[in-house]
Amino acid sequence: MTLLLAAIVGTLFGSGAYLMLKPDLLRIVAGLVLVSNAAILTLLAAALQRGRAPILPLGDGPVSDPVVQALALTGIVIGLAVTALLFALAYCVYLTSETIDLDELSRLETRREQELEEEELSV
Amino acid sequence: MSPVLPLLFAWPAAVILALLDSRRRWVAWLAVAALAVVFAAALALLVDVLGNGPRTTVAGGWPDGVGIVLSADALGATFAVVSVGVVLVAVLFEVIGGTESRSFGALALFLATGLCGLFLTGDVFNFYVFFELSMIAAYALTTYGEGARQLRAGFIFAVVNLLGSFIFLIGVAGLYRVTGTLTMDLVAQRIAAVDPGATVPIAVALLVAFLVKLGLFPFHFWLPTVYASARPAVAAILGGALANIGAYGLLRFGADILPGALRAGAPVLLVLGVASLLYGSLQAVARRSAPEVLAYSSIGQVGYVIVALAIGGPIGYAAAILYAVVNSLNKALLFLASELRGWLVGFAFVVGALSVAGVPPAAGFLGKLEVFRAGVEQGALLLSLLVLGSALSFVYMFQIYQHDFWRDARSAQVSRRAVGAVTASLGLVIVALGIWPEPLLAVSRRAAAALTGADG
């Protein structure tokens with residue numbers, strides 16, 4: 001089970017990292033979502049044990065570790081919040097620059113800087 | 001005094017401000033007032049901790065070992081005071097100039113909440129939560145002004161640092177796996193018995209996360225775009241308050257929780273620190289616009305903190321803490337002053353420049369002196385590289401001073417007196433700390449003692 005989880009985490013993280021290298025803002029966000037899920041899965045894998053749900057009153061037999069489940073829940077909430085924030089940011093970038101391609105964005109940036117420099121020189 | 005107190009003020013204030021419009025004068029001043037109260041609470045906590053030793057509370061009245069631990073020692077309280085102080089000055093600066101966005105005040109307060117929380121927590125996962133809280137506020141703050149440049153910088157900043165955060169989270173999962181606890185004290189106790197083969201990958205994950213945050217070479221690639229594109233007040237918050245997370249994280253997780261891994265990794269840190277120092281300084285010399293020079297200077301200056309941390313021991317840690325504090329004040333001052341003109345601002349900028357270059361009477365002299373003192377035993381090569389970095393910082397700081405304040409002096413408009421006065425008063429604080437250095441030295445030694453366990 002640990003080995004399986006490790007393989008899944010590795011695949012998720014690797015695919016996420018690959019997507020983050022793309023110049024498209026939406027692919028970058030998707031990559032980050034994969035990486036965040038890899039991190040959450042690692043949290044869960046950190047305390048793998050068989051047992052019943054840790055709800056009071058505790059019966060007989062082993063109980064699974066409630067701490068990592070709480071951590072994973074928190075991690076999921078934070079992951080959701082940052083995904084929403086990133087999508088909002090990407091949308092704002094699109095509204096101001098009318099593109100979500102990073103290469104295009106840096107071309108725009110360079111052009112703007114050149115214009116500024118020329119202005120400065122002409123003054 | 002409970003370490004919860006600064007949080008108790010910051011969190012409700014942030015929530016209330018989120019409902020209000022910061023573009024109104026009274027709301028903006030409310031944000032300043034709330035930050036001033038949080039700053040006062042953090043300062044009172046620091047005084048209390050210095051007088052009576054570390055303070056610990058378990059949140060929610062849970063028994064020990066079950067609830068989340070909040071603890072304030074000299075190190076955390078010092079960083080909390082400095083960071084909240086920088087946020088306070090930057091927000092005051094922006095409010096006097098006129099806030100342009102609805103959410104500015106609330107975001108600044110959320111950032112302060114996150115910073116107080118992560119400096120005053122005794123729990124590894126709680127550290128991550130507060131760390132994310134302050135970072136998310138920072139991502140949103142970076143886009144303040146909402147120009148195309150700020151938005152693009154904000155996106156890059158968010159993506160790179162989120163990747164760092166998730167790597168940190170993986171490190172936290174590893175720590176829980178090998179020690180079975182999340183309380184920092186217990187982790188530190190149990191980690192000694194753990195196989196080094198397991199601690200090294202965890203330590204590397206944590207190190208990468210904090211170095212990304214700190215913007216150390218070769219993890220610096222996001223930093224110049226972000227610092228140079230953000231508005232001066234926001235850049236001051238990023239460079240002066242947020243970068244402290246990286247320095248504090250390395251000190252807390254390196255020196256306090258994983259001392260064995262830190263000792264093993266010291267040569268790597270030393271090389272990275274010196275490389276960052278030289279790279280940042282050389283790049284800064286080659287730039288012409290003030291925000292860019294300051295951004296590269298930040299990369300160079302954190303090199304000193306890392307070198308001091310790598311040297312280690314009470315002297316090294318004290319030097320790292322002192323330099324981190326002085327550096328955050330310098331950066332806050334310089335970013336704020338970088339786009340203003342007038343004699344008051346000129347004075348403030350010179351103070352900041354002298355402080356970065358390490359010339360007395362500015363406090364930066366003290367920081368450099370302590371780092372050199374720690375480095376003396378490491379041999380002549382390291383010392384000469386440190387001096388070289390210092391000389392380069394003198395060159396680039398006065399290059400931009402000359403370029404911005406002398407050449408453009410006639411054409412540029414003199415900025416408003418009140419805004420100039422804010423930066424000048426920050427300059428006065430730096431000079432005062434340089435002239436009367438005993439309190440700062442004493443605090444940094446106490447904080448280092450808290451790390452090495454000499455302080456109970």
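Residues numbered from 1 in each chain as written. Chains lettered and ligands numbered in written order. Predicted model: local features only at pLDDT ≥ 70, side-chain atom pairs only at ≥ 80, totals over all residues.

K.L.:
Can you walk me through the overall build of chain B in this structure?
P.N.:
Helices and strands together make up the secondary structure of chain B, namely 18 helices and 2 strands. Computed over C-alpha atoms, the radius of gyration of chain B comes to 20 Å, within 12% of the 23 Å expected from 2.2 N^0.38 for 456 residues, which places it in the range of a compact globule. Taking the intrachain contacts of chain B between residues at least 6 apart in sequence as the baseline, contacts between residues at least 24 apart amount to 79%. (Helix = DSSP H or I, 4+ residues; strand = E, 2+ residues; numbered from the N terminus. Rg over C-alpha atoms; globule rule 2.2 N^0.38 Å. Contact = placed C-beta atoms within 7 Å.)

K.L.:
Explain the overall build of chain A to me, please; I cannot follow it from the model alone.
P.N.:
Secondary structure assignment for chain A yields 4 helices and 0 strands. Shown N-terminal to C-terminal, the secondary structure of chain A runs as helices and strands in the order α-α-α-α. Expected size for 123 residues packed as a compact globule is a radius of gyration near 14 Å; at 22 Å, chain A overshoots this value by more than 25%. Its C-alpha atoms put chain A at 85 × 30 × 20 Å along the principal axes.

K.L.:
Sorry, what's going on with the interface of chain A and chain B here?
P.N.:
A common way to express how large an interface is: the accessible area buried when the components associate. Across the boundary between the two partners, chain A contributes 28 residues, which contact 23 residues of chain B. Those elements that provide at least two residues to the side of chain A that touches chain B are α2 (25-45), α3 (66-97) and α4 (102-122) of chain A.

K.L.:
Hey, could you run me through helix α7 (residues 184-191) of chain B in this one?
P.N.:
Because the α-helix completes a turn every 3.6 residues, residues three or four places apart line up on one side. Residues and elements named next belong to chain B. Those residues of α7 that fall on the buried side of the exposure criterion are Met-184, Val-187 and Ile-191. For α7, the angular spread of the buried residues around the axis is 60 degrees, confining them to a single face. Contacts made by the buried residues of α7 are with α5 (124-142), α6 (148-179), α8 (196-214) and α10 (232-257). (Buried ≥ 20, exposed ≤ 12 C-beta atoms within 10 Å, placed from the backbone. Arc of directions from axis to C-beta.)

K.L.:
Teacher, can you tell me more about helix α1 (residues 2-20) of chain A here?
P.N.:
Residue and element names in this part refer to chain A. When the terminal C-alpha atoms of α1 are compared, their 27 Å separation across 19 residues agrees well with the 27 Å that a helix rising 1.5 Å per residue should span. Among the residues making up α1, those that are buried are Val-9, Leu-12, Phe-13 and Gly-16. Buried residues of α1, viewed axially, fall in a sector of 95 degrees; they line one side. Away from its buried face by more than 90 degrees, α1 exposes Leu-3, Leu-4, Ala-7, Gly-10, Thr-11 and Tyr-18. Here the buried face of α1 lies against α2. (Expected span 1.5 Å × (residues − 1).)

K.L.:
I tried to follow the environment of Leu44(A) on my own but got confused; where do I start?
P.N.:
Residue and element names in this part refer to chain A. You can see Leu-44 is positioned in helix α2. Each C-alpha atom, one on Leu-44 and one on Leu-71, is 8.3 Å from the other, the two residues being 27 residues apart in sequence. Those residues within four positions of Leu-44 in sequence are excluded, and the remaining contacts are Val-68 and Ala-72.

K.L.:
How should the nonpolar core be read in this particular structure?
P.N.:
For soluble globular proteins, the rule of thumb is that nonpolar side chains tend to be buried together. Residue and element names in this part refer to chain B. Counting residues in hydrophobic clusters, the biggest one holds 222 residues, and the most contacted among them are Leu-35, Val-84, Val-87, Leu-109 and Ile-237. In terms of residue count, the dominant contributor to this core is α6 (19 residues). Excluding residues that lie within four positions of it along the chain, Val-87 makes contacts with Leu-35, Ala-108, Leu-111, Ala-112, Ile-237 and Ala-241. (Core = buried A, V, L, I, M, F, W, Y, C linked by C-beta atoms within 7 Å.)

K.L.:
Would you explain unusual backbone geometry in this entry?
P.N.:
The general pattern is negative phi for most residues beyond glycine and trans for most peptide bonds. Look at the link from Phe217(B) to Pro218(B): it is a cis peptide, with omega at 0 degrees. Within the secondary structure, Pro218(B) sits in the loop between α8 and α9 (223-229). Omega for the bond connecting Pro360(B) with Pro361(B) falls within 30 degrees of zero, at 10 degrees, which places this linkage in the cis form. Relative to the helices and strands, Pro361(B) resides in the loop between α14 (343-357) and α15 (363-375). For Glu98(A), which is not glycine, the phi dihedral falls at a positive 55 degrees. Of note, Glu98(A) is situated in the loop between α3 and α4. What makes Glu98(A) exposed here is the crowd of 10 C-beta atoms within 10 Å.

K.L.:
Honestly, the confidence of the model for chain B in this entry has me stumped. Any pointers?
P.N.:
Reading fine detail from the predicted coordinates is not recommended where pLDDT is low. Averaged over all residues, the pLDDT of chain B is 87; the fraction at 70 or higher stands at 97%. For this predicted complex, the interface confidence score (ipTM) comes to 0.90, while the overall pTM stands at 0.91. (pLDDT = per-residue confidence, 0-100.)

K.L.:
Hey, could you run me through the packing of helix α3 (residues 74-97) of chain B against helix α17 (residues 417-435) of chain B in this one?
P.N.:
Packed helices, taken two at a time, are described by the angle their axes make and the gap between the axes. Residues and elements named next belong to chain B. Two elements in contact, α3 and α17, have axes separated by 9 Å at closest approach and are oriented at 165 degrees. Considering the angle they form, α3 stands roughly antiparallel to α17. Relative to α17, the crossing made by α3 is left-handed. When α3 is examined against α17, the residues Val-89, Leu-92, Phe-93, Ile-96 and Gly-97 are found in contact with a partner set consisting of Ala-418, Val-419, Val-422 and Leu-426. For the contact of α3 with α17, the class distribution of residues is 8 nonpolar, 1 polar and no charged. (Axes fitted to C-alpha atoms, helices over the stretch in contact; angles between N-to-C directions. Parallel < 35°, antiparallel > 145°, perpendicular 65-115°, else oblique. Left-handed = near helix turned anticlockwise from the far one by under 90°. Nonpolar A, V, L, I, M, F, W, Y, C, P; charged D, E, K, R; others polar.)

K.L.:
Before we go on, may I ask you to explain the packing of α15(B) against α17(B) in this structure?
P.N.:
Residue and element names in this part refer to chain B. Between α15 and α17, the least distance of the axes is 6 Å, while the angle of their chain directions is 50 degrees. It follows from the interaxial angle that α15 and α17 lie oblique. Across the interface between the two elements, Ala-363, Phe-365 and Leu-366 of α15 pack against Ile-430, Leu-433 and Gly-434 of α17. Taken together, the residues that form the contact of α15 with α17 break down as 5 nonpolar, 1 polar and no charged.

K.L.:
What's the story with the environment of Asp24(A) in this structure? I'm lost.
P.N.:
All names here are of chain A. Locating Asp-24 in the fold gives a position in the loop between α1 and α2. Each C-alpha atom of the pair Asp-24 and Val-77 lies 25 Å from the other, and the pair is 53 residues apart in sequence. Discounting chain neighbours no more than four positions away, the residues touching Asp-24 are Ile-100 and Asp-101.

K.L.:
Looking at this structure, how should I read the environment of Glu100(B)?
P.N.:
Residues and elements named next belong to chain B. On the secondary structure map, Glu-100 appears in the loop between α3 and α4 (104-119). Note on Glu-100: 13 C-beta atoms within 10 Å, which makes it partly exposed. In this structure, the C-alpha to C-alpha distance between Glu-100 and Arg-23, residues 77 residues apart in sequence, is 5.9 Å.

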